[in-house]
Amino acid sequence: NTTLSLMASGFMTDEKVTYDIAGEYWMDQATNVEQQSVGSYAEHARNSLEASVLALSLRGTTQIGANRLNYGLSAQLETIDDRIGEWERRDSAGYSLPRDEEQLRVINNLHAAYKGTSSRLSAYFQDTYAWNALRGRLTFQAGVRLSYWSFNEELLLSPRASLRYVPDSHPSLILRLATGLYYQSPFYKEYRLGKEDANGNKMVEMNRNIKSQRSVQVVLGSDYTFQAYNRPFKFTAEAYYKGISNYVPYTVDNVQIRYAGENLGTAYVTGIDTKLFGAFVEGSDSWLSLSLMQSKETYNGITTPRPTEQRYGIGAFFSDFWPGNDAYKVYLRGVFNDGLPFYSPRGGRAMGTFRTPAYKRIDLGAERVWNADNSKFMSRKSWRHIREFSLGLDFFNLLEIDNVNSYYWVT
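Residues numbered from 1 in each chain as written. Predicted model: local features only at pLDDT ≥ 70, side-chain atom pairs only at ≥ 80, totals over all residues. Heavy atoms only, no water.

Novice: Help me out: how do you make sense of the pattern of salt bridges in this one?
Specialist: Oppositely charged side chains can form a pair if their charged atoms are brought close together. Taken as a whole, this structure holds 19 salt bridges when the rule is applied. A salt bridge links Arg-349 to Glu-297, with the shortest nitrogen-to-oxygen separation between them at 2.4 Å. Of this pair, Arg-349 sits in the loop between β20 (341-342) and β21 (354-355) while Glu-297 sits in strand β16 (residues 286-299); the two residues are 52 residues apart in sequence, bridging distant segments of the chain. A relative accessible area of 8% means that Arg-349 is categorised as buried. (Salt bridge = Lys/Arg side-chain N within 4 Å of Asp/Glu carboxyl O. Helix = DSSP H or I, 4+ residues; strand = E, 2+ residues; numbered from the N terminus. Buried < 20%, exposed > 50% of the residue type's maximum accessible area, 1.4 Å probe, protein only.)

Printed below as a string of structure tokens:
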């Protein structure tokens with residue numbers, strides 16, 4: 001009645017960010033040969049981050065009567081080696097900013113040299129119990145997770161529970177309610193804190209007072225299976241709310257995420273996800289989806305959209321067979337999502353919120369499937385160990401729609 005599994009995993013990452021970007025301008029009077037002013041700027045970076053994570057975990061499942069117990073232990077070792085060297089110089093109409101009569105200064109810089117190791121320990125226990133009640137079938141699941149991180153000596157206790165109900169009168173309907181207290185433990189880039197000295201130089205320090213972001217979550221959902229046009233369909237819907245504290249804000253600078261390095265505020269996420277999928281064409285799967293979401297963050301007295309707030313999302317996937325030959329399959333996928341908010345990387349939220357245009361894409365795909373039912377050579381003895389073989393071709397962004405990935409801020 002017990003199943004145990006032992007798992008070992010590890011990964012290494014080696015990230016390098018290097019660039020030199022320069023720009024300049026001239027200002028002249030059209031009626032005057034004399035040059036009015038000249039300005040330039042230069043940005044420089046030589047950043048290197050090496051990290052390795054090793055993990056070992058033991059998981060188990062035990063069935064005792066109507067109770068199904070799940071439990072586990074895990075240990076993780078993280079090693080970080082980080083080097084940062086960034087600066088930006090601005091030369092505006094004859095003098096460097098910030099202006100200093102005695103030395104050359106840059107308007108922005110950031111430096112770091114850190115190498116450290118930390119470990120994480122965690123354990124969890126969960127019980128699932130099912131019984132007949134309220135003219136239906138109830139399944140109750142409750143559990144708790146305990147975790148410890150040596151870096152900030154933080155000990156966390158995270159309980160969660162869910163309830164699933166299937167009425168006897170409508171066995172094709174499933175109702176779900178889930179809630180819990182969840183923690184998102186920060187990884188290295190989230191607790192890097194920039195400290196500025198009297199000369200305006202910024203050095204990165206590790207914030208050992210960082211706390212895990214905490215969220216109280218409530219999810220209410222349902223699944224409904226039904227028949228239409230003599231074909232199976234399923235409709236799913238979920239409404240959710242997540243209240244977040246110990247929030248670590250961040251901005252997206254071009255394609256680089258920069259975290260504040262401190263627990264500075266609160267945030268919330270709420271929304272609805274719906275999806276209808278089934279056999280619109282007999283023997284093939286298709287789906288339609290609609291999602292609505294609102295996500296805000298508040299710190300320093302300012303409430304703005306979170307960088308992940310996508311207020312709406314519409315998706316569709318249709319598949320069909322080639323007329324007269326179901327070995328050939330064709331599918332069409334469409335996506336239409338709200339653009340993501342972003343801010344000035346230097347000015348932050350105080351300068352206002354901007355939003356990228358909506359993201360739009362249509363994909364076309366085709367697939368050929370070989371098996372014993374539709375292919376003569378698959379029935380030969382040489383293919384007896386292969387059940388099915390397929391070959392597909394995808395055309396992504398079929399209409400060549402231009403979408404915005406990120407913005408670069410030019411001074």
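Novice: Explain the nonpolar core here, please?
Specialist: What tends to happen in soluble globular proteins is that the nonpolar side chains get buried as a cluster. Counting 15 residues, the largest nonpolar core has Phe-151, Tyr-188, Tyr-191 and Met-206 as the members making the most contacts within it. Among the elements of the structure, β2 (35-64), β3 (67-92), β5 (108-133) and β10 (202-206) are those that each provide at least two residues to this core. Broken down by element, the residue count for this core peaks at three residues, all from β5. Among all residues touching Phe-151, those that are not within four sequence positions of it are Tyr-114, Ser-118, Tyr-191, Met-206, Asn-207, Arg-208 and Ile-210. Counting residues in each nonpolar core, the second largest holds six residues, with Tyr-247, Tyr-250, Ala-267 and Val-269 among its members. (Core = buried A, V, L, I, M, F, W, Y, C linked by side-chain atoms within 4.5 Å. Contact = heavy atoms within 4.5 Å.)

Novice: Could you clarify how one ought to interpret the pairing of strand β19 (residues 325-337) in this entry?
Specialist: Taken residue by residue, a regular strand's side chains alternate between the two faces of the sheet. Judged from the 10 bridges that link them, strand β18 (residues 312-322) and β19 form a sheet pairing that is antiparallel. Pairing of Gly-313 across the sheet is with Asn-337, part of β19. Where β19 lies against strand β22 (residues 359-371), 10 bridges are found, and the strand directions are antiparallel. Bridged to Phe-336 within β22 is Lys-360. (Pairing = 2+ DSSP bridges.)

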